[in-house]
Amino acid sequence: MVIADSPLDKDAASAAAQSDVAYSQLVARIRLVLTVSAVLVAVLDHPGPERANVTALLVLSVYAALCAAVYLFPRCQPRWTRGKLRHRLDVAVSVAVAAAVGPAEIFPLVFLLFAIVVASLRYGLAEGVRVTIATVFLYYVAAIVTLPDVTPARLLLRAAVLLAFGRVIAQLGEMHILAARRQALLREMNQVANPRFGIDRSMTAALEQVRAFFLADSCLLLLDDHDSGAHALRTVRARGPALAAADPIDPALARAMLPAPHTQVLLYARPWCRWCAIGGCALGHGGAGAAWAPHDPARLRQLADLLGATAFISAPVRFGRGKGRIYVAARTRHLGRGDALFLARIAEQGLRAIDRIDLLDRIASDAAGLERKKIALDLHDTAIQSYIGLQLGLVALCRKAAPSNPLAADLDKLVSMAADVIAQLRDEARCACGAAPAGDTMFLAALRRQAARALVTYGVEVRIDAGANVALGDRLGAEVLQIVREGISNVCRHTEATKATVALRCSGATLHVDIINPHGAHAPPAFQPRSLSERASALGGAACVRQDGANGTIVSVEIPL
């Protein structure tokens, strides 16, 4: 069977190529030199006694002027001249070159090979082969029309050589794009390993990049815990959630997904026919210096059924003190040996930065837990005890005041406020040492406590509207919580609003936080919250303020995830 070395997203590859200004300018310069040279040869050095074809010469001259404009004014060129149309125009113009200088000359072949090279380097094998077939066909037709005496055998020989040479160039272009995309993937995986996003979000982003690179349906990571021996599975699917948590799985399922030997890279493709092995493969690779060897097909077929895939590749993973496997599964047979070996490289190099994040995250979490306990003890020994003393003093003062004293009602209110503050401080100390309420995240629990505090202290009712897809790690959640606290504080201290709304939504790879409060009949003057904007900027996002006649003032914060 023939399995493709790698799937390629040609649009993504072309977008990356077209963003390289120097490369585009070099191609435009070569195209201009070739076109002008063809015009000069047709005018000054035309072979044969007859003159050059006037129509073909006119087409070449117009195309030369267009190439000059594209080269001299790259930013002013119309949209229709970009993309694949450029090298396809080269193929069409090659007919005019053949008519102007004759197909027996070298210029038509140079023009055709230039179009094949540009198409292959920018768009890979498929486009290179299409352009090769088109160029050979046009060259063959042009030779038959302009050279009626030429023997068909010579034309067929030239066409065969051009086809073979074009196919080789297209394959080289495919390899060039593949190498560039692999380097870009490893670089991007190092960039998504951001400690402030936490291990869950960083790992989800990395697995999604792997899945998208291979154009697969799912990417799975199975890891064991060195201390407990339990296994956790993290699954990322196309159009799945932005955060894929690690779910514990049954030991029997874990053993089924960890076939022996554990160090081998695996490749499996289901046969075309159930009763024979045609079109299928079950291979294993032992690592550096080894070769591909047959693997147990029944075991890998069971794995494919378990993954719901027609083909899959898998590589061993070592993550901290744990180990396991990464799987890339697809419903088509486009995964090949090169893909499996590159997945092993991803597991060895691309996930290493996330491994360091996991270690830092555990260290930071342990340190944060100890710091929270210290703060809780300090809070109990200083602030809570001071407030208890203040409450006792106020109670004694209330007992001394007669019921008819005009300050009696105010004193009773102060005693109640002191009791509420003591209860809040004790609740903060208890929450600092414990976990979030059951069924809720620590982030949302902290937001609700902040809203309750705003209602008690300032009389502002704050509604928390969090989307179902909002899931933040500890680090990013703490940063966003500070932004929301700042926004609620601004509403309470600088406006006369009695109600406010905090809306949190995740859209794609962006977290949207909107803090909304009614502004009454008169809108406030334009302003920009400096502290809140600085916090958003430190997270790579931005903050803006806008006025909505229906909803009031909206402070909008966007943070990339």
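Please refer to the structure placed before this passage.
Residues numbered from 1 in each chain as written. Predicted model: local features only at pLDDT ≥ 70, side-chain atom pairs only at ≥ 80, totals over all residues. Heavy atoms only, no water.

**Overview of empty space enclosed by the protein**
Heads up, the rule is: Cavities and pockets were defined on a 1 Å grid built over protein atoms only: a cavity is a set of grid points that admits a 1.4 Å probe from which the probe cannot escape, a pocket is an open set flanked by protein on both sides within 12 Å along at least five of seven lines, and lining residues are those with an atom within 4 Å of any such point. Grid points are joined across faces, edges and corners, and a volume is the space filled by probe spheres set on the points. The helix and strand labels rest on DSSP assignments: H or I over at least four residues marks a helix, E over at least two residues marks a strand, and numbering proceeds from the N terminus. Each residue is assigned to one class: nonpolar for Ala, Val, Leu, Ile, Met, Phe, Trp, Tyr, Cys and Pro, charged for Asp, Glu, Lys and Arg, and polar for all the others, Gly among them.
All told, the structure shown has 3 cavities of 30 Å³ or more when counted by the stated rule. Empty space within the largest cavity amounts to approximately 120 Å³. Arg-31, Tyr-63, Leu-66, Val-70 and Arg-86 are the residues nearest the centre of the largest cavity, which is lined by 10 residues in total. Contributing elements (two or more residues each) for the lining of the largest cavity: α2 (21-44), α3 (54-72) and α4 (85-101). The element best represented in the lining of the largest cavity is α3, accounting for 4 residues. Of the residues assigned to the lining of the largest cavity, the class counts are 6 nonpolar, 1 polar and 3 charged.

**So, the pattern of salt bridges**
The condition that has to hold: Salt bridges are defined as contacts in which a side-chain nitrogen from Lys or Arg sits within 4 Å of a carboxyl oxygen from Asp or Glu. Only protein chains enter the accessibility calculation, which uses a 1.4 Å probe; a residue whose area is less than 20% of its type maximum is buried, one above 50% is exposed, and one in between is partly exposed.
As enumerated under the stated definition, the model contains 8 salt bridges in all. Where Asp-305 meets Arg-270, a salt bridge forms, and the shortest distance between an N and an O atom there is 3.1 Å. Of this pair, Asp-305 sits in helix α10 (residues 297-307) while Arg-270 sits in the loop between β4 (265-269) and β5 (281-285); the two residues are 35 residues apart in sequence, bridging distant segments of the chain. Here Asp-305 falls in the partly exposed class, since its relative accessible area comes to 49%. Here the salt bridges do not stand alone but share partners, grouping Arg-88, Glu-127 and Arg-130 into one network.

**Observations regarding the side chain of Ser-556**
Quick reminder of the rule: Polar contact is defined as a pair of N or O atoms within 3.5 Å, subject to the rule that within protein one atom must be able to donate a hydrogen and the other to accept it, and that residues adjacent in sequence are counted only when both atoms are side-chain atoms. Contacts are assigned to residue pairs with any non-hydrogen atoms lying within 4.5 Å of each other.
As for its placement among the helices and strands, Ser-556 is situated in strand β13 (residues 552-560). We classify Ser-556 as buried; its relative accessible area is 8%. At 3.0 Å, the side chain of Ser-556 forms a polar contact with the side chain of Asp-514. Residue contacts for Ser-556: discarding those within four places in its chain leaves Val-513, Asp-514, Ala-542, Ala-543, Cys-544 and Arg-546.

**Some details on the sheet that holds β4**
Put simply, the test is: We treat two strands as partners when DSSP finds at least two bridges between them. Orientation is described by lines fitted to C-alpha atoms, with helices fitted over the stretch in contact, and by angles between N-to-C directions that extend from 0 to 180 degrees.
Strand order in the open sheet formed by 8 strands is β3-β2-β1-β8-β7-β4-β5-β6, with antiparallel pairing between adjacent strands. In the strand order of this sheet, the two ends are held by β3 (247-248) and β6 (292-294), each with one partner. Lying on the sheet, α10 is in contact with β1 (218-224), β4, β5, β7 (311-319) and β8 (322-330); it crosses β4 at an angle near 75 degrees. Sheet strands in contact with helix α11 (residues 337-350) are β4, β5, β6, β7 and β8, and its direction is about 20 degrees off that of β7.

**Some remarks on helix α5 (residues 106-123)**
Our working definition: A helix is expected to span 1.5 Å multiplied by its residue count minus one.
Here α5 is 18 residues long and its end C-alpha atoms lie 26 Å apart, about the 26 Å a rise of 1.5 Å per residue gives. Count one or two residues on from α5 and you reach Gly-124, which has phi positive near 90 degrees.

**Focus: the nonpolar core**
The line we're drawing: Here, the term nonpolar core denotes a set of buried Ala, Val, Leu, Ile, Met, Phe, Trp, Tyr and Cys residues that are joined through side-chain atoms within 4.5 Å.
Residues Phe-214 and Ile-326 are the most contacted members of the largest nonpolar core, which totals 38 residues. When contributions to this core are tallied by element, the ones reaching two or more residues are α7 (152-192), α8 (198-213), β1, β4, β5, β7, β8 and α11. Of the residues forming this core, the biggest block, 6 residues, is contributed by α8. Once you skip the residues sitting within four places of it in the chain, Ile-326 turns out to touch Leu-207, Cys-219, Leu-220, Leu-221, Ile-313, Ser-314, Ala-315, Val-317, Leu-343 and Ala-347. Listed in part, the 34 residues of the second largest apolar core include Ala-454, Val-460, Cys-506 and Ala-543.

**Thoughts on the pairing of β4**
Where burial is concerned, most of β4 is hidden: 5 out of the 5 residues are buried. Residues Val-265, Leu-267 and Ala-269 line one face of β4 and the alternating positions Leu-266 and Tyr-268 line the opposite face, and both faces are buried. Relative to β5, β4 is paired through 5 bridges, and the arrangement is antiparallel. The partner of Val-265 across the bridge, within β5, is His-285. Alignment of β4 against β7, held across 4 bridges, turns out to be antiparallel. In the sheet register, Leu-267 faces β7, and the bridge partner there is Ile-313.

**Digging into the sheet that holds strand β11 (residues 510-517)**
One open sheet holds the 5 strands; their spatial order is β9-β10-β11-β13-β12, and the pairing between them is mixed. Strand pairing shows two members of the sheet lacking a second neighbour, β9 (461-466) and β12 (542-548), which therefore form its edges. The average undirected angle you get between the axes of adjacent strands in this sheet is 15 degrees. Looking at chain direction, β12 and β13 are connected through 7 bridges and run antiparallel. Within β13, the position partnered with Arg-546 by the bridge is Ile-554. In the packing of helix α16 (residues 530-538) onto the sheet, contacts are made with β11, β12 and β13, and the angle to β12 comes to roughly 135 degrees.

No statement about biological role is implied by the geometric values presented.
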